[in-house]
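# Structure assessment
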Amino acid sequence: MSPPVFLVARERLVAGDRVLLDGSEGRHAATVRRLAPGERVDLTDGAGLLAECVVAAVRRDELELDVLTRIEVPAPQPRLVVVQALPKGDRGELAVETMTEVGVDVIVPWAAARCVTQWRGERGAKALGKWRSTAREAAKQARRARIPEVTELASTSRVAELLAAAALPVVLHEEATAPLAEVTPPRSGDLVVVVGPEGGITPQELASFAAVGARSYRLGPTVLRTSTAGVVAAAILLARSGRW
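Residues numbered from 1 in each chain as written. Predicted model: local features only at pLDDT ≥ 70, side-chain atom pairs only at ≥ 80, totals over all residues. Heavy atoms only, no water.

### Notes on the overall build of the protein
The number of helices and strands found in the protein is seven helices and 11 strands. In terms of principal-axis extent, the alpha carbons of the protein reach across some 60 × 40 × 30 Å. Of all 244 residues assigned to the protein, the portion counted as buried reaches 47%. Taking as baseline every contact in the protein between residues at least 6 positions apart, the subset at least 24 positions apart corresponds to 72%. When the accessible surface of the protein is totalled, it reaches about 11,800 Å², and 49% of it is carbon and sulfur. Distance between charge centroids for the protein: 3 Å, based on 31 positive and 29 negative side chains. (Helix = DSSP H or I, 4+ residues; strand = E, 2+ residues; numbered from the N terminus. Buried < 20%, exposed > 50% of the residue type's maximum accessible area, 1.4 Å probe, protein only. Contact = heavy atoms within 4.5 Å. Areas by Shrake-Rupley, 256 points an atom, 1.4 Å probe, with all protein chains shown as cover. Lys, Arg positive; Asp, Glu negative; His and termini not counted. Charge placed at Lys NZ, Arg CZ, Asp CG, Glu CD.)

### A word on the sheet that holds strand β9 (residues 168–172)
The strand order β8-β7-β6-β10-β9-β11 describes an open sheet built from six strands, whose pairing is parallel. Edge positions in the open sheet fall to β8 (149–150) and β11 (215–217), since each of these has one partner strand only. With four bridges connecting them, β9 and strand β10 (residues 190–195) associate as parallel partners. Considered in β10, the bridge of Val170 is made with Val193. (Pairing = 2+ DSSP bridges.)

### Considerations on the nonpolar core
By size, the foremost hydrophobic cluster in this structure holds 52 residues, and its most contacted members are Trp110, Leu180, Val194 and Phe209. Elements that contribute at least two residues to this core include exactly β6 (79–85), α3 (91–102), β7 (106–110), α4 (121–141), α5 (156–164), β9, β10 and α7 (226–240). Other than its neighbours up to four places away in sequence, Phe209 contacts Trp110, Thr156, Val159, Ala160, Leu163, Val171, Val194, Ile201 and Ala214. Judged by nonpolar contacts, the second largest core, of 17 residues, contains Val19, Leu43, Val55 and Leu65. (Core = buried A, V, L, I, M, F, W, Y, C linked by side-chain atoms within 4.5 Å.)

### Description of the layout of surface pockets
By volume, the largest pocket is sized at about 410 Å³. Lining the largest pocket are 21 residues, with Glu174, Val223, Leu224, Arg225 and Ala229 sitting closest to its centre. Among the residues making up the lining of the largest pocket, the classes are represented as 10 nonpolar, six polar and five charged. Lining the second largest pocket are Ser2, Pro3, Pro4, Val5, Phe6, His28, Arg33, Glu137, Lys140, Gln141 and Arg143. Counting residues per element, the ones that place at least two in the lining of the second largest pocket are β1 (5–7) and α4. The element contributing the most residues to the lining of the second largest pocket is α4, with three residues. When residues of the lining of the second largest pocket are sorted by domain, at least three fall in each of domain 1 (5–72) and domain 2 (79–239). (1 Å grid on protein atoms, 1.4 Å probe; cavity = no way out; pocket = protein on both sides within 12 Å on 5 of 7 lines; lining within 4 Å. Points joined across faces, edges and corners; volume = space filled by probe spheres on them. Nonpolar A, V, L, I, M, F, W, Y, C, P; charged D, E, K, R; others polar. Domains from an automatic or database assignment.)

### As for the packing of aromatic side chains
A full pass over the atoms with the stated rule returns two aromatic pairs. Plain terms: the ring middles of Trp119 and Trp131 are 5.0 Å apart, the flat faces sit at 80 degrees to each other, and that makes the pair edge-to-face. Remark: Trp131 occurs in helix α4 and Trp119 occurs in the loop between β7 and α4; sequence separation between them is 12 residues. When its relative accessible area of 4% is taken as the criterion, Trp131 is described as buried. (Phe/Tyr/Trp six-rings, centres within 6.5 Å; stacked < 30°, edge-to-face > 60°.)

### Description of the side chain of Thr226
Inspection of the secondary structure puts Thr226 in helix α7. There is a polar contact of 2.8 Å between the side chain of Thr226 and the side chain of Gln84. A polar side-chain atom of Thr226 sits 2.6 Å from the main-chain carbonyl oxygen of Gly196. Once you skip the residues sitting within four places of it in the chain, Thr226 turns out to touch Gln84, Ala85, Pro87, Val195, Gly196, Pro197 and Glu198. (Polar contact = N/O pair within 3.5 Å; in protein donor to acceptor, adjacent residues only side chain to side chain.)

Below, the structure written as structure tokens:
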């Protein structure tokens, strides 16, 4: 069984050969996972530093861990960026969870014209917080040393900028004729994939993306939900790019 992963600030991971795991992570390890002395645990700062540890002592809400080795996990190339139009309900968190599990590096929430869900004010801040929390927990579950970045809400013009700077700019569209599965991605740079909302990407949005060099691709013969399309596209590109 793979050792569980917990998040710890980098400065604590490099401070010495024994690390105190306390706070919410320590409570989870001690009271929920009920880890015992001698068991293996991995700690990460979520930005590439991974410390392989063994439990030295257990207290009520914390663990003392001996560091066996430290590994700096490099940022993967090419970098995979998924622009996710805001889905309805909790499907946004589902999309973030599954994309994190497969290896997406950056998730960009997008306020597309046809999004039913709108992020405004306090509601928007709360929704963004949920996306980021979901990414953290999914990264731990997937044993990732790097937590994917979940950016601020992006406008259509911002998405166009990301596509213009991409090594491979992709827009998923059900009416496209070119299959994404036949694309050979570059081995470096950003692969930017745009996933539209339930109502689809508008002709104006498609035109603005095409104007900066993005091409439309289809995933297959069926139309996927917006919360599913991103993870399927990610799987294809991760396999085709050699990261899988």
